[in-house]
Amino acid sequence: MGSNSSRIGDLPKNEYLKKLSGTESVSENDPFWNQLLSFSFPAPTSSTELKLLEEATISVCRSLVINNPRTGNLGALIKVFLSRTKELKLSAECQNHIFIWQTHNALFIICCLLKVFICEMSEEELQLHFTYEEKSPGSYSSDSEDLLEELLCCLMQLITDIPLLDITYEISVEAVSTMVVFLSCQLFHKEVLRQSISHKYLMRGRCLPYTSKLVKTLLYNFIRQEKPPPPGAHVLSQQSDGGGLLYGLASGVATGLWTVFTLGGVGSKAAATPELSSPLANQSLLLLLVLANLTDAADAPNPYRQAIMSFKNTQDSSPFPSSIPHAFQINFNSLYTALCEQQTSDQATLLLYTLLHQNSNVRTYMLARTDMENLVLPILEILYHVEERNSHHVYMALIILLILTEDDGFNRSIHEVILKNITWYSERVLTEISLGSLLILVVIRTIQYNMTRTRDKYLHTNCLAALANMSAQFRSLHQYAAQRIISLFSLLSKKHNKVLEQATQSLRGSLSSNDVPLPDYVITFFSSRLLQAGAELSVERVLEIIKQGAVALPKDRLKKFPELKFKYVEEEQPEEFFIPYVWSLVYNSAVGLYWKPQDIQLFTMDSD
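What counts and what doesn't
Residues numbered from 1 in each chain as written. Predicted model: local features only at pLDDT ≥ 70, side-chain atom pairs only at ≥ 80, totals over all residues. Heavy atoms only, no water. Helix = DSSP H or I, 4+ residues; strand = E, 2+ residues; numbered from the N terminus. Buried < 20%, exposed > 50% of the residue type's maximum accessible area, 1.4 Å probe, protein only. Contact = heavy atoms within 4.5 Å. Areas by Shrake-Rupley, 256 points an atom, 1.4 Å probe, with all protein chains shown as cover. Phe/Tyr/Trp six-rings, centres within 6.5 Å; stacked < 30°, edge-to-face > 60°. Lys NZ or Arg CZ within 6 Å of the ring centre and 35° of its normal. Salt bridge = Lys/Arg side-chain N within 4 Å of Asp/Glu carboxyl O. Expected span 1.5 Å × (residues − 1). Core = buried A, V, L, I, M, F, W, Y, C linked by side-chain atoms within 4.5 Å.

### Considering the overall build of the protein
(1) Moving on: Assigned secondary structure in the protein consists of 25 helices and four strands.
(2) Moving on: When the 608 residues of the protein are sorted by exposure, 52% land in the buried category.
(3) Moving on: In the protein, of all internal contacts separated by at least 6 residues, the share reaching a separation of at least 24 is 73%.
(4) Moving on: If you sum the accessible surface of the protein, you get close to 28400 Å²; carbon and sulfur atoms cover 52% of it.

### Digging into the packing of aromatic side chains
(1) Moving on: A full pass over the atoms with the stated rule returns 14 aromatic pairs.
(2) Moving on: When the centroid spacing of 5.1 Å and the interplanar angle of 70° are considered together, the rings of F32 and W33 count as edge-to-face. In this pair, the class of F32 matches that of W33, namely buried.
(3) Moving on: A ring pair is formed by Y353 and Y568, whose centres lie 5.8 Å apart and whose planes are at 80°; its orientation type is edge-to-face. Placement of Y353 in helix α15 (residues 346–358) and of Y568 in the loop between α24 (539–552) and α25 (575–589) is noted, with a sequence separation of 215 residues between them.
(4) Moving on: Residue classification places Y353 among the buried residues on the basis of a relative accessible area of 2%.
(5) Moving on: Here the aromatic cluster, defined as three or more aromatic residues joined through ring pairs, consists of F311, F328, F332, Y336 and Y365.
(6) Moving on: The lysine or arginine in question, R84, covers the ring of F99, its NZ or CZ lying 5.3 Å from the ring centre.

### Considering the pattern of salt bridges
(1) Moving on: This structure, assessed with the given rule, holds 12 salt bridges.
(2) Moving on: Between D296 and R305 there is a salt bridge whose closest N-O contact spans 2.9 Å.
(3) Moving on: Judged by relative accessible area, which is 39%, D296 ranks as partly exposed.
(4) Moving on: Several salt bridges converge on common partners, so that one network encompasses R194, E575 and E576.

### Some words on helix α12 (residues 279–292)
(1) Moving on: With 14 residues, α12 extends 20 Å between its outermost C-alpha atoms, agreeing within 8% with the 20 Å of an ideal straight helix rising 1.5 Å per residue.
(2) Moving on: Judged by how many residues are buried, α12 sits mostly within the fold: 14 of 14 residues are covered.

### Observations regarding the environment of L398
(1) Moving on: The residue L398 is located in helix α18 (residues 391–404) in this model.
(2) Moving on: Taking relative accessible area as the criterion, L398 reaches 2% and is therefore assigned buried.
(3) Moving on: The sequence separation of L398 and N462 amounts to 64 residues, and the corresponding C-alpha distance is 7.1 Å.
(4) Moving on: When residues no more than four places from it in sequence are discounted, the contact partners of L398 are L383, L459, N462 and C463.

### Describing unusual backbone geometry
(1) Moving on: Phi angles above zero are rare outside glycine, and Q225 is one such case at about 50°.
(2) Moving on: Tracing the sequence through the fold places Q225 in the loop between α11 (211–224) and α12.
(3) Moving on: We note that H326 has phi near 60°; this positive angle belongs to a residue other than glycine.
(4) Moving on: Residue placement: H326 occurs in the loop between β1 (312–313) and β2 (329–330).

### Focus: the nonpolar core
(1) Moving on: One finds L202, Y425, L438 and W583 to be the most contacted residues of the largest nonpolar core, which totals 179 residues.
(2) Moving on: Here the element with the most residues in this core is helix α6 (residues 97–120); it accounts for 14 residues.
(3) Moving on: With residues near it in sequence (within four places) discarded, Y425 still touches Y384, L430, L438, L441, V442 and Y480.

Remember, this is a structural readout, not a statement about activity or role.
What follows is the structure, given as structure tokens:
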């Protein structure tokens, strides 16, 4: 990169990058680093430009892979960055734009190099590259400090401790992105990684004490949805010192790689990605989901999942049990509001599922809210537009409803919330309807869509389970909802009878006359009373006849069914589903990061 580069296309022939990746060792105290880190070029605006940046980075990286065992320049670059981060907080307070800009550029280069290194070599080789020093070819010091661990700890400190200001926004985004890149080795393995350097560094050692603080910061980044500073908000004038070492902090500098792009993804359809208003919130949420879905280490559970499972409301003054590690408190009202507002994205829906399923404090709080419609309506809209969503997003939305319907209080309260003018429901004009009736309509619509299109057994079962959970609390249903329930019952009955008929035909002749099943007595009893009452009965008259019949119905002829409650139970090995899903979200949604489709091994995606 360096001060002379103003376009991505110039990078492969840039003299500073050639020196970094060349055969000459550069001391960490060399003025060269100030020159290398004083670059600015327009941020890429398309996947084509991102690929161009990738190609330029690969050429540098391949030279560095060959020469680094002799020069140790990668380690020198990292040491330069680490030394600068020690003064970063003070620089932010003093508004030292130049220092922060160059530190950010150092991290950007490290992130680019690390991404390609991880793609092209094993973890053991990667770790070795962090130990090379300026010695004879291939030599390294086994007793030197672990630069990789130090870099990770530094990134965690940067994310959690540096105040979020206009001048620090970009480096905060870059720190989160670099941690995502560090964990991206999973992308290049078909099988779920259960032991890796990510386990070694993130689940024990010097990084472990930052667990709760990191999770809390990432959650607050998601909650606050801080927007990036406007372009040109803190532009530095170009220096006129002959060499032009410092170019302006033009819009975005290098890591303003905030163009949103979709490369195709897992499932039947890649989710349409809206323009991101907060790159920091997006990257933070993706990192949080990646950390939460790391597999447990052989000798210890995932501490980031433990933190997500145990945090509680800031208004909760009860002490944490000593048995709960990595606990912290967060404002549940702010979290709830953010979750309600962000459900258009897969990652926000996955976070909601994770919290409802794994954190009992969050689940209890949400079920006690008196404005549940703010959360339920976005989930229903996801299911309503099932044709436009990828299958994983639909599954998560449905499982969230199933978890909610496990609570009788929720099932009662949704029929007390009256909604007006649901504009996105287009089958029928709904000027006034209860939340419960709308929920029934959307779930039944999802069932019918599944029966005619996808025929997914898992989706079908969970839809019916949610309806069954709610059924005991049905109250004052909208007439259209009642009609759809009857239509669904009729459809399912026909399918059931068809299957039953096919099964009994194969047994015909083996049954005696005593084995013939009796007609359904409950149904026969009420049908006869309605027939006796005559034709053209009003709704009120039918209801009256049914009520009178219910009193007169002989109870000895009825079978008593136990009350059933269907609960969501996670698969035995949930990581086999969730880890590929999370990384597909990273692949499609991470800003400023690009991986070549042909390199990805974890899942199948559309090629560019």
